[in-house]
Amino acid sequence: MSPLARASTWEHAAHSLVATPALEEWTKMSLFKARDWWSTVLGDKEEFDQGCLCLADVDNSGNGQDKIIVGSFKGYLRIFNPRPVKIGDGAQPEDLLLEVHLQDSVLQVEAGKFVSGTEMLYLAVLHSRKLCVYSVSGTLGNVEHGNQYQVKLVYEHTLQRTACNMTYGQFGGVKGRDLICIQSMDGMLMVFEQERYAFGRFLPGFLLPGPLAYSPRTDSFITVSSCRQVESYGYQVLAFATDADKRQETEQQKLGSGKRLVVDWTLNIGEQALDICIRSFSQSASSVFVLGERNFFCLKDNGQIQFMKKLDCSPSCFLPYCSVSEGTVNTLVGSHNSTLYVYQDVTLKWATQLPHVPVAVRVGSFHGLKGAIVTLSDDGRLQCSYLGTDPSLFQAPKVEARELNYDALDAELKELQNIIKDANKSQGVWPMTEREDDLKVSVMVSPTLDSVPPAPDAEVGADPVPSVTVKVTLQNRVALQRARLSVYVQPPLMLSSAQFTFELMEPEMTRTVAFSVCLKGSYAPPELEGNAVVSYSRPTERNPEGIPRVIQSKFRLPLKLICLPGQPSKIASHKLTIDTNKPPVSLLSLFPGFASPSEDDQVNIMGFQFLGGSQVTLLASKTSQRYRIQSEQFEDLWLITNELIIRLQEHFEKQGIKDFTCSFSGPMPLQEYFELIDHHFELRVNGENLEELLAERAVQFRAIQRRLLTRFKDKTPAPLQHLDSLLDGTYKQVMALADAVEETQGSLRQAFARLQSASRLVLLLLGLWQKLSADQTAVLEAAFLPLQQDTQELGWEETVDAAVSHLLKTCLSKSSKEQALSLSCQLSKPKDTSRLKKHITLLCDRLAKGGRLCLSTDAAASPTMVMPGGCTPIPESDLEERSVEQEESAELFTSHKHLTAEPPRPEVSPLQGVSE
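Since we're looking at a predicted model, the values are computed, not measured. Residue positions within a chain follow its written sequence, with the count starting from 1. For a predicted model such as this one, the threshold for reporting local features is a pLDDT of at least 70, and the threshold for listing and counting side-chain atom pairs is 80 or more; totals across whole chains, interfaces and linings nevertheless cover every residue. As a convention, hydrogens and water are excluded, and side-chain values are obtained from all of the structure's heavy atoms.

Asks: Help me out: how do you make sense of the overall build of the protein chain in this one?
Replies: Numbering of helices and strands runs from the N terminus; a helix is a DSSP stretch of H or I covering at least four residues, while a strand is a stretch of E covering at least two. Per the secondary structure count, the protein chain includes 16 helices and 43 strands. Relative to its 916 residues, the protein chain shows a buried fraction of 45%. Pairs at least 24 apart in sequence give 63% of the contacts found in the protein chain among residues at least 6 apart. Surface accessibility in these figures is a Shrake-Rupley result with a 1.4 Å probe; residues are shielded only by whichever protein chains are displayed. Surface summary for the protein chain: the accessible area is close to 47,300 Å², and the carbon and sulfur share equals 51%. For every residue, the accessible area (1.4 Å probe, protein chains only) is compared with the maximum for its type, and the residue is labelled buried under 20%, exposed over 50%, or partly exposed between those bounds. Contacts are residue-level and defined by heavy atoms, with any inter-residue pair within 4.5 Å sufficient.

Asks: How should the sheet that holds strand 16 (residues 220-224) be read in this particular structure?
Replies: Strand pairs in the sheet, formed through backbone hydrogen bonds, run parallel or antiparallel to each other. On the basis of which strands lie adjacent, the open sheet formed by four strands has the order 15-16-17-18 and antiparallel pairing. The open sheet is flanked by strand 15 (212-215) and strand 18 (265-268), the only strands paired with a single partner. Ignoring which end each strand starts from, the neighbouring axes of this sheet average 20° apart. Here four bridges tie strand 15 to strand 16, and the two strands are oriented antiparallel to one another. Considered in strand 16, the bridge of S215 is made with S220. A pair of strands is considered paired only if DSSP assigns at least 2 bridges between the two. Between N-to-C directions, angles cover 0 to 180 degrees, with each direction set by a line fitted to C-alpha atoms, over the stretch in contact for helices.

Asks: I'm lost on the sheet that holds strand 19 (residues 273-279) in this one. Help?
Replies: The strand order 19-20-21-22 describes an open sheet built from four strands, whose pairing is antiparallel. Bordering the open sheet on either side are strand 19 and strand 22 (305-310), each of which pairs with just one other strand. Averaged over all adjacent pairs, the angle separating strand axes in this sheet is 15°, with direction ignored. Across five bridges, strand 21 (residues 295-300) lies against strand 22 in antiparallel orientation. Considered in strand 22, the bridge of F296 is made with K309.

Asks: I tried to follow the side chain of S287 on my own but got confused; where do I start?
Replies: Its location among the elements puts S287 in strand 20 (residues 287-292). What makes S287 buried here is its relative accessible area of 9%. Here S287 is in contact with C277, I278, R279, C298, L299 and Q306, once residues within four sequence places are set aside.

Asks: When you look at the pattern of salt bridges in this model, what are you seeing that I'm missing?
Replies: Pairing of side chains with opposite charge becomes possible as their charged atoms draw close. Whenever Lys or Arg places a side-chain nitrogen within 4 Å of a carboxyl oxygen from Asp or Glu, that contact is recorded as a salt bridge. Counted according to the given criterion, the structure contains 24 salt bridges. Between E635 and R754 there is a salt bridge, and its shortest N-O distance comes to 2.9 Å. Of the two residues, E635 sits in the loop between strand 42 (626-631) and helix 8 (637-654) while R754 sits in helix 10 (residues 723-770), which places them 119 residues apart along the sequence. Note that E798 is salt-bridged to R684, the shortest N-O span being 3.0 Å. With E798 in helix 12 (residues 796-809) and R684 in helix 9 (residues 670-713), this residue pair connects regions lying 114 residues apart in the sequence. Comparing E798 with R684 shows no difference in burial state: the two are buried. The network of salt bridges with common partners includes E527, R556, E643, R647 and R760.

Asks: Quick question: what am I supposed to make of the pairing of strand 40 (residues 605-610) here?
Replies: Two faces make up the sheet, and in a regular strand the side chains alternate between them. With four bridges joining them, strand 38 (residues 563-566) and strand 40 adopt antiparallel strand pairing. Bridged to L564 within strand 40 is Q609. Examined bridge by bridge, strand 40 and strand 41 (residues 615-620) share five bridges and lie antiparallel to one another. Its bridge partner lying in strand 41, G607 is registered against T617.

Asks: Would you take a moment to explain the confidence of the model for the protein chain for this structure?
Replies: When pLDDT drops low, the exact placement of atoms in the prediction is not to be read closely. Per-residue confidence for the protein chain averages 80 on the pLDDT scale, and 80% of its residues sit at or above 70. Each residue carries a pLDDT value, the predictor's own confidence for that position, ranging from 0 to 100. Scored below 50 in pLDDT, residues 428-436 shows 22 contacts in the model against residues more than four places distant or in partner chains.

Asks: Can you walk me through the packing of helix 10 against helix 11 (residues 774-784) in this structure?
Replies: When two helices pack together, their arrangement is given by the angle between the helix axes and by the axis-to-axis distance. Their axes nearest at 10 Å, the elements helix 10 and helix 11 cross at an angle of 155°. With respect to helix 11, the axis of helix 10 lies roughly antiparallel. Between helix 10 and helix 11 lies a crossing of right-handed hand. The segment helix 10 lies against helix 11, with S759, L763 and L766 engaging L780, E781 and F784. Throughout this entry, Asp, Glu, Lys and Arg are counted as charged residues, while Ala, Val, Leu, Ile, Met, Phe, Trp, Tyr, Cys and Pro are counted as nonpolar. The remaining residues, Gly among them, count as polar. By residue class, the composition of the contact of helix 10 with helix 11 is four nonpolar, one polar and one charged. What sets the label is the angle itself: under 35 degrees gives roughly parallel, over 145 gives roughly antiparallel, 65 to 115 gives roughly perpendicular, and the rest give oblique. For any pair of crossing helices, the crossing counts as left-handed if the nearer helix is rotated counterclockwise from the farther one by less than a right angle, and right-handed if it is rotated clockwise.

Asks: Just to check I follow, could you spell out the packing of helix 12 against helix 14 (residues 834-848) for this structure?
Replies: Running from N to C, helix 12 and helix 14 cross one another at 35°; their axes reach a closest spacing of 9 Å. Where helix 12 crosses over helix 14, the handedness of that crossing is left-handed. Here W796, E797, V800, D801, V804, S805 and L808 of helix 12 lie close against helix 14, whose contacting residues are R835, L836, H839, I840, L842, L843 and R846. Taken together, the residues that form the contact of helix 12 with helix 14 break down as eight nonpolar, two polar and four charged.

Asks: Please clarify how a negative patch on the surface should be interpreted in this entry.
Replies: Patches here: salt-bridge-free residues with over 30% relative accessible area, like charges joined within 9 Å, nonpolar side chains (Val, Leu, Ile, Met, Phe, Trp, Tyr) joined within 5 Å. Counted charges follow a simple rule, with Lys and Arg positive, Asp and Glu negative, and His plus the chain ends left uncounted. Charge positions are represented by NZ for Lys, CZ for Arg, CG for Asp and CD for Glu. A grouping of E691, E692, E696 and E793 is seen on the molecular surface, where their side chains present a negatively charged patch. Turning to its location among the elements, E691 is positioned in helix 9.

Asks: Could you clarify how one ought to interpret helix 8 in this entry?
Replies: Since the α-helix advances by 3.6 residues per turn, residues separated by three or four positions end up pointing in the same direction. A helix is expected to reach a length of 1.5 Å times the quantity of its residues less one. Helix length check: helix 8 (18 residues) gives 26 Å between terminal C-alpha atoms against 26 Å at 1.5 Å per residue, within 8%. Of the positions making up helix 8, those classed as buried are L637, W638, L639, I640, T641, N642, E643, L644, I645, R647, L648 and F652.

Asks: Is there a simple way to think about the nonpolar core in this case?
Replies: Note that soluble globular proteins tend to have their nonpolar side chains buried in a common cluster. The biggest cluster of nonpolar side chains holds 100 residues, and the ones touching the most others in it are L485, F608, Y673 and F784. Ignoring any residue separated from it by four or fewer positions in sequence, one finds F784 in contact with Y673, S759, L763, W796, V800, V804, I840 and L843. Buried Ala, Val, Leu, Ile, Met, Phe, Trp, Tyr and Cys residues form a nonpolar core when they are joined through side-chain atoms within 4.5 Å. Counting 19 residues, the second-largest nonpolar core is a separate cluster that includes W38, L53, L376 and L382.

Asks: What am I meant to see in unusual backbone geometry here?
Replies: One can expect most non-glycine residues to show negative phi and most peptide bonds to be in trans. At the junction of P491 and P492, the peptide bond is cis and its omega measures out at 10° in the coordinates. Inspection of the secondary structure assignment puts P492 in the loop between strand 32 (480-488) and strand 33 (493-495). Unusually for a residue other than glycine, D219 sits at a positive phi of about 55°.

Asks: How should helix 10 be read in this particular structure?
Replies: In this model helix 10 runs 68 Å from its N-terminal to its C-terminal C-alpha over 48 residues, within 8% of the 70 Å that 1.5 Å per residue would give. Looking one or two places after helix 10, you find K771, whose phi comes out positive at around 55°.

Asks: How should I be thinking about the pairing of strand 17 (residues 229-234) in this particular structure?
Replies: Across the six residues that make up strand 17, a large majority, five, are buried. Hairpin remark: strand 16 followed by strand 17, antiparallel, with four residues in the connecting loop; positive phi at R228, about 65°.

Asks: Help me understand a nonpolar patch on the surface in this model?
Replies: Taken together, L404, Y406 and L409 make up a surface patch of nonpolar side chains, about 340 Å² in accessible area. Locating Y406 in the fold gives a position in helix 5 (residues 406-427). In this structure Y406 comes out as exposed when scored by relative accessible area, which is 57%.

Asks: What am I meant to see in the environment of Q272 here?
Replies: Here Q272 is to be found in the loop between strand 18 and strand 19. Spatially, the C-alpha atom of Q272 lies 5.4 Å from that of R228, the residues being 44 residues apart in sequence. Among all residues touching Q272, those that are not within four sequence positions of it are S225, S226, R228, L291, G292 and E293.

Asks: I'm lost on the environment of L291 in this one. Help?
Replies: On the secondary structure map, L291 appears in strand 20. L291 gets classed as buried once you look at its relative accessible area, which sits at 0%. Along the sequence, L291 and P211 sit 80 residues apart, while their C-alpha atoms lie 9.9 Å from each other. Ignoring anything within four residues of it in the chain, the contact list for L291 reads Q272, A273, L274, D275, F296, L311, P315, S316, C317 and F318.

Okay, structure coming up:
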């Protein structure tokens, strides 16, 4: 049996499969490959697109055999008649009927009845500035190699506008001839009635051209606009609409020059379209097929969606065709992973591998093969293939039955497992050595500031800002490839150099790099901790190119980098008191360099002046084990409070004391924290409003420019009608709005840094107040500090609200009903911050009543927490909508009451118990 007889037609082969869920799994690697029937490579470094391929009996031979017409961007036109001697052979010299160079780039080729007075097929070739119609004819020779083919130009149209694509059909219901419609790059539809130019119309609201197709049943043109909408325009509406040549006339002249071009129907598909195809499989209805970037749609001819299919790959081309099952449609879809899919409506029926990525796919009939798939790639790989598999004539011999020795099989299996385990240990893809053995990263921060500070920064002040030098040392044990060092610090801290690259490091080498860090901004950073990250590749025997790995080392910058000694102040708006279980320590020993030593070597008050202008005062009690931090700015308390706790821990560790603890007795300063949240959210809203207004003014500016350009190009000068004054005023508005947007973005960055500082301070106080462990503190930090940069698309408020809502629903929930409550935690910008503040208040309330943070699977399985006696359960609706009257829990944190189980302490003045 011949291969052609064994291979059924591709259409029936596609239906011979039974649709199973496993078919979706082969979409990236098909078990079946397209059977190569005939293939060739066109030209040298030529480019092709979806309009460059056409199949038709263009020479009017009458034998029903299609010819392959291919045009390229280099201007070559080729016509093939594939006739392979043996299946899979490449192109023979006699298969190429014609090759001609047309000089201009070929955008699209189509075959139709384009010449008046005859119904023979002619070839229409679209160039960027020209439309040519050719006749293709052949002269029979005495032998097979003597056949001669030639093309003859019948007529051509010179285009006044740059063309994009074209479509053809029997516009207006004409019989026996095809008309051509060309879409230009600026949105004009030009209709040609064969040798005569008919009219041109501009599409309304046009920005970029999309695919174009003609529906013969509704006599309309269908395209996809840059607004991602499928639009239909009737031919009769186009014919009677305002002439394109009169589009620039005044409104009074337009009233009598024709009707306005109105769209028949539109459908928003939400993505850009790659191609449009219209097929009529019955006399009563036709379907519009649209291929998008991730979906393909089947629409009725009135714009209603018949069905749609979401694709798991990135499509490159498609072709709908008639199905053998009544009421269904088959579609060929080519993808960028070199796979061709066959869908019956929305069901995947076949997936096959191609040797290239197709940009155009057609179906034709050639010598002895009907329904052949013709694909063309962008680099000129042309192939005719069919679907199916060749039968295997091999028959497995019969195996003699024998009894199995299971003990021997178990012993062999254990031996193989040991061999695999030893191989993985010795030369596996992932080496078993520790990362510290490959590379050691150490960071040293200079104990003194640089002697030569950088130039003064206008944002910080007129005086030079201090800087400190940081050295990073890399010591490698083995040879490493592509080592790259990246250093990160919190803004507004700035690095003199943040990226270092080492091409190749030999074994046992030491490389040291140095850079300086200084403050660039009029506000304090939220953290003095930096991070040095080294990414490198470790080569192995199985992977010589190297396995990517990352190692990091954190470092702390000195406090004197961002603040100077200042005068202490006894009056401040915001105060915090930290209790300890050890006697007070002299502030001089804790903060050397910020105060001069006194006679008794006991300093109990110290001032810190930030470079941004704010001031913080630290007081230590001589009679009690308490420290007080106070400032005019709430967020500025964070750095000094954190630095105080870190230095106290280091001080007592040096003395061998391990039971040192700090505590905070409340109240939690949530009201001050909420004010910073409101300020940050207000800046986000203002910034978004300014950007929208700037976009509107920019659109207005471009519209005025187009009108002025049209006036200046007009042959008959017309008055400007104050368009120049309007352009100048709009330009000033655009510049003012741009400056306002830039200023708002700077303020938003500063507000985000202050909000981060306040968040870290609130988390620190929560941990000290409820004595949270390190794991529970890490959960809070992940919820309240999720972003390194704040953007308009994803902001701090919605992210934190979603994280806090998840904690309230899981580990901090009170009942199983509360777990089942659906929290609307969509990551979209909220209308206000009231919901976020309610959730933060509720989080603190749950922690105060004994709740603990745990994200383990055991806790997730039974997250109901045991509440102390006397606690009133909170209704389920508190997580979603709470009335203003039910917000009494917020007063627990904004009033001067303590939420601990201990008796409340008496109120003291800011400096009571602190010796001066």
